[in-house]
Amino acid sequence: MAAHDVQATTTQQPVVQLVNRLLLDAVNAGASDVHFEAQEQGLRVRYRIDGVLQEVPSPPASAARGGSPCGPRGSTGRSTRR
């Protein structure tokens, strides 16, 4: 997929935009593979570059839902963990 194809996805669902952006970043970084790991706190993303897994900043959970980068819509900001 060419960079202009990724940019043309602005009309796509937010999760499609997020995955396209992560994959394009991985290609630009020279990654041979991308690891997505669902965790309780969110999504862990790592790129394998020169044989070494390197963690990249995780996107906010709201990015895949199309919400605000500050938090999910209607969030009180309070943790439900005890």
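Here's a quick rundown of the structure. (Residues numbered from 1 in each chain as written. Predicted model: local features only at pLDDT ≥ 70, side-chain atom pairs only at ≥ 80, totals over all residues. Heavy atoms only, no water.)

### A few points about the nonpolar core
Leu18, Leu22, Ala26, Val45, Tyr47, Ile49 and Val56 form the largest nonpolar core, which has 7 residues in total. Looking at this core, the elements with two or more residues in it are helix H2 (14-29) and strand E2 (42-49). Residue contacts for Val56: discarding those within four places in its chain leaves Val45 and Tyr47. (Core = buried A, V, L, I, M, F, W, Y, C linked by side-chain atoms within 4.5 Å. Buried < 20%, exposed > 50% of the residue type's maximum accessible area, 1.4 Å probe, protein only. Helix = DSSP H or I, 4+ residues; strand = E, 2+ residues; numbered from the N terminus. Contact = heavy atoms within 4.5 Å.)

### Brief notes about the pattern of salt bridges
Close approach of charged atoms lets side chains of opposite charge pair. Within this structure, the stated rule accounts for 4 salt bridges. Between Arg48 and Asp33 there is a salt bridge whose closest N-O contact spans 3.1 Å. Of the two residues, Arg48 sits in strand E2 while Asp33 sits in strand E1 (residues 33-39), which places them 15 residues apart along the sequence. Among the salt bridges present, the one from Glu37 reaches Arg44, with a minimum N-O distance of 3.8 Å. Among the residues examined, Glu37 registers a relative accessible area of 24% and is labelled partly exposed. Because the salt bridges share partners, they merge into one network encompassing Glu37, Arg44, Arg46 and Glu55. (Salt bridge = Lys/Arg side-chain N within 4 Å of Asp/Glu carboxyl O.)

Such coordinate-based values are descriptive only and should not be taken to indicate function.
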